[in-house]
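A look at the structure
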Amino acid sequence: AAIAINPKFFVGYMSRGELYMSLGKDHNALEDYSKVIELSPKIANAYISKGMIYQRNKRYDEAKEAYLGAIRADANSALAYNNLAWMAAEEGRDLDSALKWAKKAVELAPKVLDFQDTLGWVYRARKEYERAAECLIKALSSESPSANVYYRLGVVYSEWGKKKESRESLEKALSLAEKTGNAQWEKDARQLLEKLK
């Protein structure tokens, strides 16, 4: 109704885009976020939301361009830096930029433990295992540590050659995952534990 009254009301498009995104209607959400950017190009969250949709649909080049757009709109957009770093680490490419992006995210939001997690994963992609472990251990410093981070720490220890520490981290990850469920890495973790015996 707000959009019908004022077709240039970008907040309405942003709100509707968020609703579409939560419903999994990615095409509609992308249209609304694009409209927000057309009407108000400095709204970094619109670029980030587009990036997240592209990222979950494995359209990584488009996701990267959206996150870079967010940074152009707001140079302090920590989430955009973080997500760029995560994608680069997962793909194992442009790791120098990934490290800069991940460090920038942590610098902008040092208390966000997810950003420490990303920085650790970037160091792992660069085979800098000691630094990777340090960051992942920091990411586990909350009152409710993440099974996902324990899994990644287990992977780092395994690649670093620290079998005992790897087993402990993977077992902790699986124990926590039993309570929360939906761990996409569970099969990989069990396979890695078998190799570590």
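Residues numbered from 1 in each chain as written. Predicted model: local features only at pLDDT ≥ 70, side-chain atom pairs only at ≥ 80, totals over all residues. Heavy atoms only, no water.

**Quick notes on the side chain of Ser49**
- Along the polypeptide, Ser49 turns up in helix H4 (residues 44-56).
- Residue class for Ser49 comes out buried when judged on its relative accessible area of 10%.
- The residues contacting Ser49, other than those within four sequence positions of it, are Met14, Met21 and Tyr33. (Helix = DSSP H or I, 4+ residues; strand = E, 2+ residues; numbered from the N terminus. Buried < 20%, exposed > 50% of the residue type's maximum accessible area, 1.4 Å probe, protein only. Contact = heavy atoms within 4.5 Å.)

**With respect to the nonpolar core**
- Counting residues in each nonpolar core, the largest one holds 68 residues, and the members touching the most others are Tyr67, Leu119, Val122, Tyr151, Val156, Leu170 and Trp185.
- By residue number, the principal contributor to this core is helix H6 (residues 78-91), which donates nine residues.
- Once residues lying within four places of it in the same chain are set aside, the contact partners of Tyr67 are Ile48, Gly51, Met52, Gln55, Ala80, Asn83, Leu84 and Met87. (Core = buried A, V, L, I, M, F, W, Y, C linked by side-chain atoms within 4.5 Å.)

**Thoughts on the packing of aromatic side chains**
- Overall, the coordinates contain three aromatic pairs when judged by the stated rule.
- Centroid distance Tyr151 to Trp185: 4.8 Å. Interplanar angle 5 degrees. Geometry classified as stacked. Taken together, the positions of Tyr151 in helix H10 (residues 147-160) and Trp185 in the loop between helix H11 (163-180) and helix H12 (186-196) put the pair 34 residues apart, joining distant regions of the chain. As far as burial versus exposure is concerned, Tyr151 and Trp185 are alike and both buried.
- Look at Tyr157 and Trp160: their rings are 6.1 Å apart centre to centre, the planes differ by 10 degrees, and that puts the pair in the stacked class. (Phe/Tyr/Trp six-rings, centres within 6.5 Å; stacked < 30°, edge-to-face > 60°.)

**Some remarks on the pattern of salt bridges**
- In the structure shown here, the tally under the stated rule is 17 salt bridges.
- Of the charged contacts in the structure, one is a salt bridge between Asp26 and Arg56, with a shortest N-O distance of 2.3 Å. Of this pair, Asp26 sits in helix H3 (residues 26-39) while Arg56 sits in helix H4; the two residues are 30 residues apart in sequence, bridging distant segments of the chain.
- Given the relative accessible area of 43%, Arg56 is considered partly exposed.
- Put simply, Asp96 and Arg126 hold a salt bridge, and the shortest N to O gap is 2.9 Å. Here the residue Asp96 occupies a position in helix H7 (residues 95-108), and Arg126 occupies one in the loop between helix H8 (113-125) and helix H9 (129-139), the gap between them amounting to 30 residues.
- A residue is classified by how much of its surface remains accessible, and Asp96, at 54% relative accessible area, is exposed.
- Exposure remark for Arg126: the relative accessible area of 26% places this residue in the partly exposed category. (Salt bridge = Lys/Arg side-chain N within 4 Å of Asp/Glu carboxyl O.)

**Describing the side chain of Asn82**
- Summarising the element assignment, Asn82 is placed in helix H6.
- For Asn82, the contacting residues outside a window of four places in its chain are Ala105, Asp114, Phe115 and Thr118.

**Some details on the environment of Ala125**
- Examined against the element boundaries, Ala125 turns out to sit in helix H8.
- Ignoring any residue separated from it by four or fewer positions in sequence, one finds Ala125 in contact with Ala89 and Leu95.

**Let's talk about the packing of H6 against H7**
- One can describe the packing of H6 onto H7 by two numbers: an axis separation of 8 Å at closest approach and a directional angle of 150 degrees. Helix-helix and strand crossings are classified by hand; for H6 and H7 the assignment is left-handed. Across the interface between the two elements, Ala78, Tyr81, Asn82, Leu84, Ala85, Ala88 and Ala89 from H6 touch Leu95, Ala98, Trp101, Ala102, Lys104, Ala105 and Leu108 from H7.
- A breakdown of the residues in the contact of H6 with H7 according to their chemical character gives twelve nonpolar, one polar and one charged. (Axes fitted to C-alpha atoms, helices over the stretch in contact; angles between N-to-C directions. Left-handed = near helix turned anticlockwise from the far one by under 90°. Nonpolar A, V, L, I, M, F, W, Y, C, P; charged D, E, K, R; others polar.)

**Topic: the environment of Glu38**
- For Glu38, the position within the fold is in helix H3.
- What makes Glu38 exposed here is its relative accessible area of 55%.
- In this structure the C-alpha to C-alpha distance between Glu38 and Phe10, which are 28 residues apart in sequence, comes to 8.9 Å.

Function cannot be read off these values alone, since they describe shape.
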